[in-house]
Amino acid sequence: MEQEYDGDIVYMQQEDDWDRDLLLDPAWEKQQRKTFTAWCNSHLRKAGTQIENIEEDFRDGLKLMLLLEVISGERLAKPERGKMRVHKISNVNKALDFISRKGVKLVSIGAEEIVDGNAKMTLGMIWTIILRFAIQDISVEETSAKEGLLLWCQRKTAPYKNVNIQNFHISWKDGLGFCALIHRHRPELIDYGKLRKDDPMTNLNTAFDVAEKYLDIPKMLDAEDIISTLRPDEKAVMTYVSCYYHAFSGKQKAETAANRICKVLAVNQENEQLMEDYEKLASDLLEWIRRTIPWLENRLPENTMQAMQQKLEDFRDYRRLHKPPKVQEKCQLEINFNTLQTKLRLSNRPAFMPSEGRMVSDINNAWGNLEGAEKGYEEWLLNEIRRLERLDHLAEKFRQKAAIHEAWTDGKEEMLQKRDYETASLSEIKALLKKHEAFESDLAAHQDRVEQIAAIAQELNELDYYDSPSVNARCQQICDQWDALGAMTQKRSEALQKTEKLLETIDQLYLEFAKRAAPFNNWMEGAMEDLQDTFIVHTIEEIQGLSTAHEQFKATLPEADKERQAILGIHNEIAKIVQTYHVNIAGTNPYTTINPQEVNAKWDKVRQLVPQRDQALIEEHARQQNNERLRKQFANQANVIGPWIQTKMEEIGRISIEMHGTLEDQLTHLRQYEKSIVNYKPKIDQLEGDHQLIQEALIFDNKHTKYTMEHIRVGWEQLLTTIARTINEIENQVLTRDAKGISQEQLNEFRASFNHFDRKRTGIMDAEDFKTCLISMGYNLGENEFSRIMSIVDPNRMGLVTFQAFIDFMSRETADTDTADQVVASFKVLAGDKNYILADELRRELPPDQADYCIARMAPYTGPDGVPGALDYMSFSTALYGESDL
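Keep in mind that what you see is a predicted model, and the values were worked out from it rather than measured.

K.L.:
Account for the overall build of the protein, with residues named and values stated.
P.N.:
A count of helices and strands for the protein gives 34 helices and 6 strands. Counting over 886 residues, the protein shows a buried share of 45%. Carbon and sulfur atoms provide 50% of the accessible area of the protein, an area that totals close to 44,800 Å².

Set out below in structure tokens:
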């Protein structure tokens, strides 16, 4: 039956409007004249006539109309029998009108040119007729016309190693292509093994002679013209090859059977490759997780802050450089697994079961362990940095206090061990006694410092300070010396008290100086110690507290200066008395070692340290302000990104449930949505940069936001994974629709039914909802039948039905797919109705790689009618689909 075509379509653009400039190579024109004339005569002879000169014999339009009637099987309008030009133009127009009604738009070809005998126009018209009635209806797989004819030639000549058909000109010059087509369908007509590629003349003449004698295909080409022409005319070759196609079209049944087998084998080979790819990717990912978890679980602390900060930097590199590609691999692995399972379901193959330990659930469990180790590792790193920071501060404080104490105790033992009171005068004894009392006061004042030193050493031990042995040794030395000083102080005090009764006079001014100078000196030492004490703060409030305390200290300086003047006044009074009364004083103040020069020196030191402390507090205040700026900078972005991620997750959830429009529209929308999400990545990277600045500044808390970088990272990774999974679900639905022949309306009905019974709006139905849905669709379900259906849609026995499983089930109910029985029937066609097939038959009908695939996997045939080398195609087909299908 002739197929009708849209009259507005320019038929194959008339092969570029038949060489638009009407310039035709003379050699090509000669080939076309011979080929087109022979082709026309092959049809006109059915009506008992023929033509001799193609441009002359069609001028009156009569044979042209007769040719069209023969090749179309239809009657044209009655021709004009007159000899006048107007009658000829009328007949040609009738023929051209008939061609136009067949969907062919003739460009630049008019009846006048044909009547006038224009050779190029006549050849162009005949080529248009050949295209429409001899080539256009050729269909091979999903290609047609010229491409279909070329594909047919390539398929038929594929087993012949010396033939490589890529076009309709130079690929045929050696003649082997024509011989291969004849030998493939009628091997008894040509001894192909004796042909040589370097003898094109023999090859071409052999093919043309055999085709004319046995296949009723007239000689349309000259071997000499083809060989002598650098590039044979494509239209002439295509016309002649199309005659081969129509002559051998009866072989199409076997080719269809072979194509079906090729399709099934191609699916099986592709699925096996996908399985191998999954196993390798899963193994590599699990191996990386296995190597990474011990590193994350290593909690061996470092002794220095620098070493721990290097660990933190290594961890940042892991999060920034090493982990993201693995996140993508994990997501791709899940997508590949889902795509493979969908393809297996669509081709009625058993579901893919990965090797032990490589299931998606195993990978998810291993990934969860990795995430857990990662979270614990980061918390441990930050805690260790805090601990080392605290240890460094305590160790420095210990060294300062110990140095001050050791400086104070220097020489005290020698002083306490002196026996100068034995030969001293009464006044000297009194002085020694008062001096000792002042020392005891000073000793008691230093008791707090010793206790502080011991407390700091104890805290360093509790925090596992790496240099604790040296700290403990120094602390023990200080304590032992302190105990010795106490004992020696007590012993000297008893000796002085024993001789006290012998002494009556005392210089009250020395005593008063000593009593007032000692606490003032201790105050100045404490002030110097406080002014030089290191501090660590984490907030603006803490530094403001230190600044307030420092201002309060500075407010006490005027009163302290008055006390200093008073103490110096006592010393001046002593000097005045000595000068006035000529008192005989041996040495310095007997009650204290403090002198006015020392008091003034320490006072000057205190005054010098005050502005230094001011500057340190100002700098720390600026640092804390910068830290607060960093906190707010991070919080401002996190408070936008966090809700944005949550909103996108909710929107994707709604999209995956509602799914408006066609699957392609949904897929386009989701990919645009995915692109907009990926385009948001620079904001995440910017937030990562701010987070790194915060960590480098050792900021551990942020009151301005509830979001941490870990929350943002996890949310971002979940968002990317969710959109990728949603797109993959739609792609699988497209595969299902195309493979099963499901219309968009059916898919919409399936989605509406699924959404109606998905009461929780989770995208998953439980077993009861699924059963209710089936009943509403007219299924009469018993327990056994429903259990059988559940085993199909829920092979893992989770009690849940996804939309993809629902679609697979409904498409299986409404569509037809290749089955094992169809494959067995196809093999039987290739085997010539035998119960077995031979390797030569497989190699003749199938492409080489798929023929070898079958031969390698088919078992020898053991039936009673078998012959040597027979192969069992029935068991092979059973293995492709599983035994339950046969």
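Next comes the rest of the description.
K.L.:
Go over unusual backbone geometry with me, naming the residues and quoting the values.
P.N.:
When glycine is set aside, most residues are seen to have a negative phi, and most peptide bonds are trans. One non-glycine residue, Asp216, adopts positive backbone phi at about 60 degrees. Structurally, Asp216 can be placed in the loop between α10 (200-214) and α11 (223-228). Relative accessible area serves as the criterion here: at 53%, Asp216 is assigned to the exposed category. Even without being a glycine, Arg797 presents a positive backbone phi close to 55 degrees. Taking the relative accessible area as the measure of exposure, Arg797 reaches 74% and is therefore exposed.

K.L.:
Describe the packing of aromatic side chains, listing the residues and the values that go with them.
P.N.:
Within this structure, the stated rule accounts for 24 aromatic pairs. Aromatic side chains Trp408 and Trp482 sit 6.2 Å apart centroid to centroid with 40 degrees between the ring planes, which places their arrangement in the tilted category. Here Trp408, found in helix α15 (residues 360-409), pairs with Trp482, found in helix α19 (residues 468-498); they are 74 residues apart in sequence, far enough to count as distant. Residue Trp408 is classed as buried on the basis of its relative accessible area, which comes to 8%. The buried category is assigned to Trp482, whose relative accessible area is 10%. Taking the centre distance of 3.6 Å and the plane angle of 10 degrees together, the rings of Trp644 and Tyr680 count as stacked. In this pair, Trp644 sits in helix α23 (residues 596-658) while Tyr680 sits in the loop between α24 (663-678) and α25 (681-696), placing the two residues 36 residues apart along the sequence. A single burial state applies to Trp644 and to Tyr680, both of which are buried. One aromatic cluster is present, built from ring pairs that chain together Phe168, Trp172, Phe178, Phe208, Tyr240, Tyr244 and Phe248.

K.L.:
Quick one: what's the story with helix α28 (residues 767-776), residue by residue and with numbers?
P.N.:
Residues of α28 that are buried: Asp769, Phe770, Lys771, Cys773 and Leu774. Once α28 finishes, Gly778 follows within two positions and takes phi at roughly 100 degrees, a positive value.

K.L.:
Residues and numbers for a nonpolar patch on the surface, please.
P.N.:
A cluster of nonpolar residues, Ile764, Met798 and Leu800, forms a patch on the protein surface that exposes about 280 Å² of accessible area. Position of Met798 relative to the elements: it lies in the loop between α29 (783-793) and β4 (800-802). Since its relative accessible area comes to 59%, Met798 is described here as exposed.

K.L.:
Before we move on, can you summarise the environment of Thr708 with the specific residues and values?
P.N.:
Topologically, Thr708 is positioned in the loop between α25 and α26 (709-740). When the C-alpha atoms of Thr708 and Asn639 are compared, they prove to be 10.0 Å apart, with 69 residues separating the residues in sequence.

K.L.:
Tell me what's going on with the packing of helix α7 (residues 119-135) against helix α12 (residues 234-247), and back it up with residues and numbers.
P.N.:
Running from N to C, α7 and α12 point in directions that differ by 25 degrees, and their axes come no closer than 11 Å. Relative to α12, α7 is oriented roughly parallel. Relative to α12, α7 is oriented so that their crossing is left-handed. Contact with α7, carried on its side by Trp127, Ile130, Ala134 and Ile135, involves Lys235, Met238, Thr239, Ser242 and His246 of α12 and no other residues of that element. When the residues that make up the contact of α7 with α12 are grouped by side-chain class, the tally is 5 nonpolar, 3 polar and 1 charged.

K.L.:
Help me get a handle on the side chain of Lys326, residues and values and all.
P.N.:
Following the sequence through the fold, Lys326 ends up in helix α14 (residues 305-346). Not counting residues within four places of it along the chain, the set of residues in contact with Lys326 comprises Leu285, Trp288 and Trp367.

K.L.:
Before we move on, can you summarise the pattern of salt bridges with the specific residues and values?
P.N.:
Counted according to the given criterion, the structure contains 55 salt bridges. Here Lys602 ties to Glu525 by a salt bridge, and the two come within 2.8 Å at their closest N and O atoms. In this pair, Lys602 is assigned in helix α23 and Glu525 in helix α20 (residues 508-532), connecting sequence segments 77 residues apart. Each member of the pair, Lys602 together with Glu525, is buried. A salt bridge links Glu651 to Lys648; the shortest N-O distance between them is 3.7 Å. With Glu651 and Lys648 both in helix α23 and 3 residues apart, the pair spans about one turn of that helix. A single network of salt bridges, built from pairs that share partners, joins Glu29, Arg33, Glu55 and Lys120.

K.L.:
Provide a residue-level description of the packing of helix α2 (residues 26-44) against α12, including the pertinent values.
P.N.:
Relative to each other, α2 and α12 sit at 25 degrees, their axes nearing to 9 Å. One element, α2, and the other, α12, form an angle in the roughly parallel class. The interaxial crossing formed by α2 with α12 has left-handed handedness. Here Gln31, Gln32, Thr35, Phe36 and Trp39 of α2 lie close against α12, whose contacting residues are Lys235, Ala236, Thr239 and Cys243. Residue classes in the contact of α2 with α12 are distributed as 4 nonpolar, 4 polar and 1 charged.

K.L.:
So what about the environment of Tyr853? Which residues, and what values?
P.N.:
Secondary-structure assignment places Tyr853 in helix α33 (residues 848-857). On the basis of relative accessible area, Tyr853 is assigned to the buried category, the value being 6%. With 588 residues separating them along the chain, Tyr853 and Leu265 place their C-alpha atoms 8.2 Å apart. What Tyr853 contacts, discounting residues up to four positions off in sequence, is Leu265, Asn268, Gln269, Glu272 and Phe876.

Calculation criteria
Residues numbered from 1 in each chain as written. Predicted model: local features only at pLDDT ≥ 70, side-chain atom pairs only at ≥ 80, totals over all residues. Heavy atoms only, no water. Helix = DSSP H or I, 4+ residues; strand = E, 2+ residues; numbered from the N terminus. Buried < 20%, exposed > 50% of the residue type's maximum accessible area, 1.4 Å probe, protein only. Areas by Shrake-Rupley, 256 points an atom, 1.4 Å probe, with all protein chains shown as cover. Phe/Tyr/Trp six-rings, centres within 6.5 Å; stacked < 30°, edge-to-face > 60°. Patch = residues over 30% accessible without salt bridge, like charges linked within 9 Å, V, L, I, M, F, W, Y side chains within 5 Å. Salt bridge = Lys/Arg side-chain N within 4 Å of Asp/Glu carboxyl O. Axes fitted to C-alpha atoms, helices over the stretch in contact; angles between N-to-C directions. Parallel < 35°, antiparallel > 145°, perpendicular 65-115°, else oblique. Left-handed = near helix turned anticlockwise from the far one by under 90°. Contact = heavy atoms within 4.5 Å. Nonpolar A, V, L, I, M, F, W, Y, C, P; charged D, E, K, R; others polar.

Just distances and angles here, no functional claims.
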